[in-house]
Amino acid sequence: MSAPTSGPIIRPYGDTTGDGMVQLSFTLPVPHDKRAEGAALQLAAKMGLDPAMLVHAKQLGDGYTFFVVYGSVRHLVDVSAVQVVERDFPLLSAKEVNAAVRRRLRRKLSVVGACIGTDAHTVGIDAILNVKGIAGEKGLEYYRELRVTNLGAQVGVPDLVAAARTEKADAVLVSQVVTQRDAHLHNTREMAAAFREAFPARRRPLLVVGGPRFDELMAQELGVDRIFGRGTTPREVASYLVHALITRREVVAA
Amino acid sequence: MSGSVTAAGKLDLDPAVVRTARRLARKAGGPVVELARSHTTVSVERAVLRLAGVTGADPDGIPWVNRLVDAVTADVGLGHGVALPAFHALAAEGVGDLTLLAQKAAAGSVRFAVPRGREATAARAAARRSVGAGLRRVDRRRAERERLIRRHGDPPQRPWIYLIVATGDIYEDIPQAQAAARAGADVIAVIRSTGQSLLDYVPEGATREGFAGTYATQENFRLMRAALDESSRELGRYVRLTNYASGLCMPEIATLAGLERLDMMLNDSMYGILFRDINPIRTFVDQRFSRQVHARAGIIINTGEDNYLTTADAVDEAHTVTVSQLLNEYFAHEAGLSDWQLGLGHAFEINPELPESFRLELAHALLARELFPQAPLKWMPPTKHMTGDVFRGNLLDGFFNLVGAMTGQGILLVGMMTEAVVTPWLSDRDVALQNVRYVLGAAGGLREDFVPAPGGFIQQRAHRVLAEAVDLLERIVDGGLLTAIAAGTFGIMRRPADRGKGLEGVARHEPGYYNPATELLEGPVSARSAGGRVGSAAAANERPVR
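Only a predicted model underlies this, so the values are computations on that prediction, with no experimental measurement involved. (Residues numbered from 1 in each chain as written. Chains lettered and ligands numbered in written order. Predicted model: local features only at pLDDT ≥ 70, side-chain atom pairs only at ≥ 80, totals over all residues. Heavy atoms only, no water.)

Participant: It is not clear to me how the overall build of chain B should be interpreted in this structure. Could you clarify?
Facilitator: Looking only at helices and strands, chain B features 21 helices and 11 strands. Computed over its C-alpha atoms, the radius of gyration of chain B comes to 23 Å, within 12% of the 24 Å expected for a compact globule of 546 residues. Projected onto the principal axes, the alpha-carbon positions of chain B cover approximately 70 × 55 × 40 Å. Long-range pairs, those at least 24 residues apart, make up 77% of the contacts in chain B between residues at least 6 apart in sequence. Per element, the accessible surface of chain B, about 19900 Å² overall, is 53% carbon and sulfur. When the 61 basic and 62 acidic side-chain charges of chain B are each reduced to a single mean position, those positions are 6 Å apart. (Helix = DSSP H or I, 4+ residues; strand = E, 2+ residues; numbered from the N terminus. Rg over C-alpha atoms; globule rule 2.2 N^0.38 Å. Contact = heavy atoms within 4.5 Å. Areas by Shrake-Rupley, 256 points an atom, 1.4 Å probe, with all protein chains shown as cover. Lys, Arg positive; Asp, Glu negative; His and termini not counted. Charge placed at Lys NZ, Arg CZ, Asp CG, Glu CD.)

Structural data, given as structure tokens:
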């Protein structure tokens, strides 16, 4: 079903086209009284609700009040002017990731992960790899079609290269939290160089690094395939692996 | 209350099948207990030192218990236990106390040896005296809790209402916890910082920085317990405090919980193995010791079966929850915990799009209730099928609360409509508590009327889950629990016994291994003190729902 549009300029819909109705709830740090309700209406007015109806107010604890406000907004939205930043790979569900690997790779996809250098902060790599995951998303271990080897913390680059070879890694995931004296950048460059030396170009595993202080645009400069910054979830990483190792290669091959 | 219709009668379970299930759980768990009895870990030994009074950390924040265990291990290995070498060195060096000894050992000025003959006897006596003093502190905390419960009273209703705070800063957590208690929470859980479970030491002091949670430290425990004591006085009911005895430092955290009068601890027999890739042997050894401490401290454990359902399908894998509950029960009893201390976990995680999902939830929840009639089951809210649609989420939470009321759950973790969206706002918590209050107020006594039709959908479903659980237990008994874990029987994780984190911190007992804490915890004193509690607490547990 496609949404009924009355042209590229729209406003919210309550029960009549063009009524602009929205609902809103929020808490203000004041006890509930007449003045508090006035404050809530003032906020609603400043947010562009005109007229605003305060339909519910309830004090929470000592000094807070929760409000529900309905009202009509004056704002118009120009749909033709909406700009969307597209991710350069599709976000897949665990099921879709598994299906893509099973059907198109026809074997388990091997992922080797580690914290390299002296970095002992495994929070990042564990959040991405451990089943426990992060933010309600399961880690890569949860994906049936991925074979995950988590080497843990303080892994030397030669050991990582050796493990990647033994596990026939399709992808190597490296997490770097410590940034003292740009350690994360040095370590990443060292790791990338070692993999280039150890593997012929076509057989080299995909190199992915992650950490809260990386600039996602530096991948090429550091010699890796992809950088993930703060707030990355396992699903994004899994989707990227499918994109880079399966979908894109098929396109290249075809 | 339900009086005439006992919970055990509602599903018409075959008592022979229930007995078989328990017998199989015992058979599956037995070899693992043997393994736990013949091994020790760095964290068990550090817990012994904590009971013996070692406190504090070096300037880098590494606790003295770690430094001392590392120093002893470097000289004589871990397999003799730390007590004999440490107390022998204490006497030989003429050092005043163990913390000083740890400092000298860290500086490299002490050599450790395993004492023999009369020296061993002396070290053994000194260790036992010192650890005994620590256990008496735990006993005093327990008596203090019992006194405060008598003074302030337990919550007027079952289930107890369990709320989470998690700011990362203990000084922010405190006012939030007190506000939550005022708003109706009976149990406050302080979520730990992400990643603490994989730290092989317990951080020290009050902490103000954590990732999506607050570090479990002795000082944070003490600060929060003191704050909730204040709230208990103000509210006229004893507000319980919960934390997490899990991860690599489980035995130490259990010990600190006992020393600081925490009331409940999350403590699952297999969670660390499956979800944190901690070595299975490390986990089972640490588990047994921490459960013995919890038993002694009068702490209610909460097990983690809800986690299975977040990774596996809640209908297809319902029986794995039952199997895990039975194993958790066996391991808990073996370690000396009483039924009233078993907050066995389960969760409302069936896909709401599935036809009859609510009836399936009722069947599963009632099955747990009937299998473990004396345990204060921990009922966990939906998470997997919560979306950004907070309106639908609030409805799901209402149905979750209703199952909790209808099946007599003991501890209800309050579900938030913003589960998948944000860490709960003040208003989210209020909406959630309003939901709980409405359901318990409107239907709190419905357990009395709720008797599933004989041979009907709910009974059949419960029978089927129990039968599948027995099948799975049989398969586990055939190959052994460790093999089952290695083969990925639980969840989908394969966890071989020779892999996983923390394995390097495990040692087989050498001849003459000595652990004064285990000796005292398994001794007749603890049995007597635990036995004395069963009656009164079990009675409290049978308190009518409203």
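What follows continues from the structure just given.
Participant: How do you make sense of the overall build of chain A when you look at a structure like this?
Facilitator: The number of helices and strands found in chain A is 7 helices and 10 strands. The C-alpha atoms of chain A give 25 Å as radius of gyration, which overshoots the globular expectation for 254 residues (18 Å, by more than 25%). Taking the intrachain contacts of chain A between residues at least 6 apart in sequence as the baseline, contacts between residues at least 24 apart amount to 65%. Once the 32 positive and 27 negative side-chain charges of chain A are each reduced to a mean point, those two points are 6 Å apart.

Participant: Help me out: how do you make sense of a positive patch on the surface in this one?
Facilitator: All names here are of chain B. Taken together, the side chains of Arg147, Arg150, Arg151 and Arg233 make up a positively charged region of the molecular surface. Among the elements that line the positive patch, the one with the most residues is helix 6 (residues 117-152), at 3 residues. Its place among the elements puts Arg233 in helix 8 (residues 218-235). Residue classification places Arg233 among the exposed residues on the basis of a relative accessible area of 55%. (Patch = residues over 30% accessible without salt bridge, like charges linked within 9 Å, V, L, I, M, F, W, Y side chains within 5 Å. Salt bridge = Lys/Arg side-chain N within 4 Å of Asp/Glu carboxyl O. Buried < 20%, exposed > 50% of the residue type's maximum accessible area, 1.4 Å probe, protein only.)

Participant: Which parts of the structure should I look at to understand unusual backbone geometry?
Facilitator: In most cases, non-glycine residues show a negative phi, while peptide bonds are predominantly trans. For the peptide bond that leads from A:Asp50 to A:Pro51, omega is 0 degrees, which places it in the cis range. Residue position: A:Pro51 is located in strand 3 (residues 49-60). The omega torsion of the bond from B:Arg158 to B:Pro159 falls at -5 degrees, within 30 degrees of zero and hence cis. Here B:Pro159 is to be found in the loop between helix 6 and strand 2 (160-165). Within the chain, A:Arg106 stands out as a residue other than glycine whose phi angle is a positive 60 degrees. Secondary-structure assignment places A:Arg106 in the loop between helix 2 (94-105) and strand 6 (109-115). Not every positive phi belongs to a glycine, and B:Arg261 is a case in point at roughly 60 degrees. Within the secondary structure layout, B:Arg261 lies in the loop between helix 9 (250-259) and strand 5 (264-266). Taking the relative accessible area as the measure of exposure, B:Arg261 reaches 5% and is therefore buried.

Participant: Honestly, helix 18 (residues 457-479) of chain B in this entry has me stumped. Any pointers?
Facilitator: Every α-helix carries 3.6 residues per turn, so stepping three or four residues along brings you back to the same face. All names here are of chain B. For helix 18, built from 23 residues, the straight-helix expectation of 33 Å at 1.5 Å per residue is met to within 8% by its first-to-last C-alpha distance of 34 Å. Buried within helix 18 we find Ile458, Gln459, Arg461, Ala462, Val465, Leu466, Ala469, Val470, Leu472, Leu473 and Ile476. Packed against the buried residues of helix 18 are helix 1 (15-37), helix 13 (318-334), helix 14 (357-371) and helix 19 (481-486). Directly after helix 18, the chain includes Gly480, whose backbone phi takes a positive value near 100 degrees. (Expected span 1.5 Å × (residues − 1).)

Participant: Just checking my understanding: could you explain a nonpolar patch on the surface for this structure?
Facilitator: On the surface, A:Ile10, A:Val77, A:Val79 and A:Val82 cluster together into a nonpolar patch covering about 290 Å² of accessible area. Mapping A:Val77 onto the fold places it in strand 5 (residues 77-78).

Participant: Hey, could you run me through the interface of chain A and chain B in this one?
Facilitator: Quite often, the size of an interface is put as the accessible area lost when its parts meet. Across the boundary between the two partners, chain A contributes 18 residues, which contact 21 residues of chain B. Between chain A and chain B lies a buried interface of about 1700 Å² when both sides are counted; carbon and sulfur atoms form 58% of it. Linking chain A with chain B are 3 salt bridges, by the criterion used here. Residue B:Lys501 is joined to A:Asp126 by a salt bridge in which the shortest nitrogen-to-oxygen separation is 3.9 Å. Seen at the junction of chain A and chain B, the total is 2 residue pairs in polar contact (both at pLDDT 80 or more). Elements with a minimum of two residues in the side of chain A that touches chain B: strand 2 (21-28), strand 3, strand 4 (64-73) and helix 3 (123-129) of chain A. Of the residues belonging to the side of chain A that touches chain B, the class tally is 6 nonpolar, 5 polar and 7 charged. (Buried area = accessible area lost by both parts, 1.4 Å probe. Polar contact = N/O pair within 3.5 Å; in protein donor to acceptor, adjacent residues only side chain to side chain. Nonpolar A, V, L, I, M, F, W, Y, C, P; charged D, E, K, R; others polar.)

Participant: When you look at the domain arrangement of chain B in this model, what are you seeing that I'm missing?
Facilitator: Residue and element names in this part refer to chain B. Domain annotation for chain B reports domain 1 (41-132) and domain 2 (157-232 + 239-244). Here the C-alpha centroids of domain 1 and domain 2 sit 31 Å apart. Contact with domain 2 buries surface across domain 1, with Arg46, Arg50 and Pro63 losing the most and accounting together for 48% of the total. Summed over the shared surface of domain 1 and domain 2, the result is 1 salt bridge. Note that Arg46 is salt-bridged to Asp200, the shortest N-O span being 2.8 Å. A total of 3 residues in the side of domain 1 that touches domain 2 trace back to one element, the largest contributor, which is helix 2 (residues 42-51). Its residues assigned to classes, the side of domain 1 that touches domain 2 shows 3 nonpolar, 3 polar and 2 charged. (Domains from an automatic or database assignment.)

Participant: What exactly am I supposed to notice about the side chain of B:Ser231 here?
Facilitator: With respect to the secondary-structure elements, B:Ser231 resides in helix 8. Look past the residues within four positions of B:Ser231 in its chain and what remains in contact with it is B:Gln178 and B:Ala181.

Participant: Can you help me understand the pairing of strand 8 (residues 171-175) of chain A in this one?
Facilitator: Strand residues, when the strand is regular, have side chains that alternate between the two faces of the sheet. Residues and elements named next belong to chain A. For strand 8, a buried count of 5 out of 5 residues is recorded, marking the element as mostly surrounded by other parts of the structure. Burial along strand 8 is two-sided: the face carrying Ala171, Leu173 and Ser175 and the face carrying Val172 and Val174 are both buried. By the bridge criterion, 5 bridges tie strand 6 to strand 8 in an arrangement that is parallel. Across the sheet, the residue bridging to Val112 is Val172, located in strand 8. (Pairing = 2+ DSSP bridges.)

Participant: Mind showing me how you'd approach the sheet that holds strand 9 (residues 206-210) of chain A here?
Facilitator: All names here are of chain A. Within the open sheet, the 5 strands sit side by side as 7-6-8-9-10. Their pairing is parallel. Every interior strand has two partners, whereas the edge strands, strand 7 (146-150) and strand 10 (226-228), have only one. Going from strand to strand, the sheet's axes swing by 20 degrees on average, the running direction of each strand aside. Relative to strand 7, strand 6 runs parallel, the two being bridged by 5 bridges. Within strand 7, the position partnered with Gly113 by the bridge is Asn150. (Axes fitted to C-alpha atoms, helices over the stretch in contact; angles between N-to-C directions.)

Participant: In this structure, what is going on with the nonpolar core? I would like to understand it.
Facilitator: Nonpolar side chains in soluble globular proteins tend to end up buried together. Residues and elements named next belong to chain B. Counting 164 residues, the largest nonpolar core has Leu98, Leu101, Leu481 and Phe490 as the members making the most contacts within it. No other element matches the 9 residues that helix 18 contributes to this core. Looking at which domains feed residues into this core, each of domain 1 (41-132) and domain 2 (157-232 + 239-244) gives three or more. Look past the residues within four positions of Leu101 in its chain and what remains in contact with it is Leu68, Ala86, Ala89, Leu90, Glu93, Val95, Val110 and Phe112. (Core = buried A, V, L, I, M, F, W, Y, C linked by side-chain atoms within 4.5 Å.)

Participant: Would you mind going over the domain arrangement of chain A with me for this structure?
Facilitator: Per the domain assignment, the segments of chain A are domain 1 (9-80) and domain 2 (94-253). One C-alpha centre belongs to domain 1 of chain A, the other to domain 2 of chain A, and the line joining them spans 45 Å.

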